[in-house]
Amino acid sequence: MGASRVIVPGNFPIGCLPSYLTAMAMPEPSAYDSTACLKDLNLFAAKHNTQLQQAVAALRASYPDAAIAYADYFNSFLSLLKGGPALGFDANSTHKACCGAGGRYNYDLRLMCGVEGTAVCADPSAYVSWDGIHMTQAAYKAMSRLIYHGRYQLSSEFWRMISGAKLFETG
């Protein structure tokens with residue numbers, strides 16, 4: 001017994017999250033990439049994802065009857081940032097938290113969303129980040145479309161292996 005259908009999510013480009021952009025802010029413009037994200041943190045996340053993909057490949061080889069897929073959260077999230085307006089996000093808010101206490105990225109570790117002194121944006125669906133750490137429902141929806149139906153979709157082999165199978169078994 002055990003899991004026979006598994007999706008392994010990669011890491012986000014953490015250098016793009018309002019929490020990291022605030023906590024690890026750098027004065028040098030060269031520390032940021034073309035998407036206004038911290039290069040070194042994203043390099044760290046990318047290296048982690050490379051190792052994770054190798055581990056997923058090893059699992060596939062060890063368990064050929066299981067459907068094991070890697071979900072590319074890293075590149076899907078970057079697509080949200082780069083194509084934000086086309087996906088319905090406010091171009092000026094892709095790096096800001098919807099719920100926060102102000103500042104460049106609307107994130108303050110001492111004033112987390114929901115405590116006195118924080119405010120929620122008028123339209124969360126226009127933001128990628130909810131609270132500087134988690135995405136909004138709109139961002140998760142857009143990212144899931146990219147993973148399941150778009151450029152970063154799961155392999156056809158994965159879908160073939162789960163076709164006709166019950167996704168959730170009870171008993």
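On a predicted model such as this, the values are computed, not experimentally measured, just so you know.

The rules behind these values
Residues numbered from 1 in each chain as written. Predicted model: local features only at pLDDT ≥ 70, side-chain atom pairs only at ≥ 80, totals over all residues. Heavy atoms only, no water. Core = buried A, V, L, I, M, F, W, Y, C linked by side-chain atoms within 4.5 Å. Buried < 20%, exposed > 50% of the residue type's maximum accessible area, 1.4 Å probe, protein only. Helix = DSSP H or I, 4+ residues; strand = E, 2+ residues; numbered from the N terminus. Contact = heavy atoms within 4.5 Å. Polar contact = N/O pair within 3.5 Å; in protein donor to acceptor, adjacent residues only side chain to side chain.

Colleague: Before we move on, could you go through the nonpolar core and cite the residues and values that matter?
Modeller: Phe77, Leu80, Met135 and Met143 are the most contacted members of the largest nonpolar core, which totals 26 residues. At the level of elements, helix H2 (39–62), helix H3 (73–82) and helix H4 (137–148) are the ones that each hand at least two residues to this core. With sequence-adjacent residues up to four places away left out, Met135 is seen in contact with Phe12, Phe77, Leu80, Val128, Ser129, Trp130, Tyr140 and Met143. Grouped together as the second largest cluster of nonpolar side chains are six residues, Leu52, Val56, Ile68 and Tyr70 included.

Colleague: Give me the lowdown on the side chain of Asp72, citing residues and values where you can.
Modeller: Turning to its location among the elements, Asp72 is positioned in the loop between strand S2 (67–71) and H3. Of the polar contacts made by the side chain of Asp72, one reaches the backbone nitrogen of Phe74; its length is 3.4 Å.

Colleague: So, the side chain of Thr118: which residues are in play, and what are the values?
Modeller: On the secondary structure map, Thr118 appears in the loop between strand S3 (99–100) and strand S4 (119–120). Among the polar contacts listed, one links the side chain of Thr118 to the backbone nitrogen of Gly114, at a separation of 3.3 Å. In this structure the side chain of Thr118 is engaged in a polar contact, spanning 2.7 Å, whose partner is the backbone oxygen of Val115. Every residue in contact with Thr118, bar those within four places of it in the chain, is listed here: Gly100, Ala101, Leu111, Met112 and Cys113.

By themselves, these are just geometric observations and shouldn't be taken as functional.
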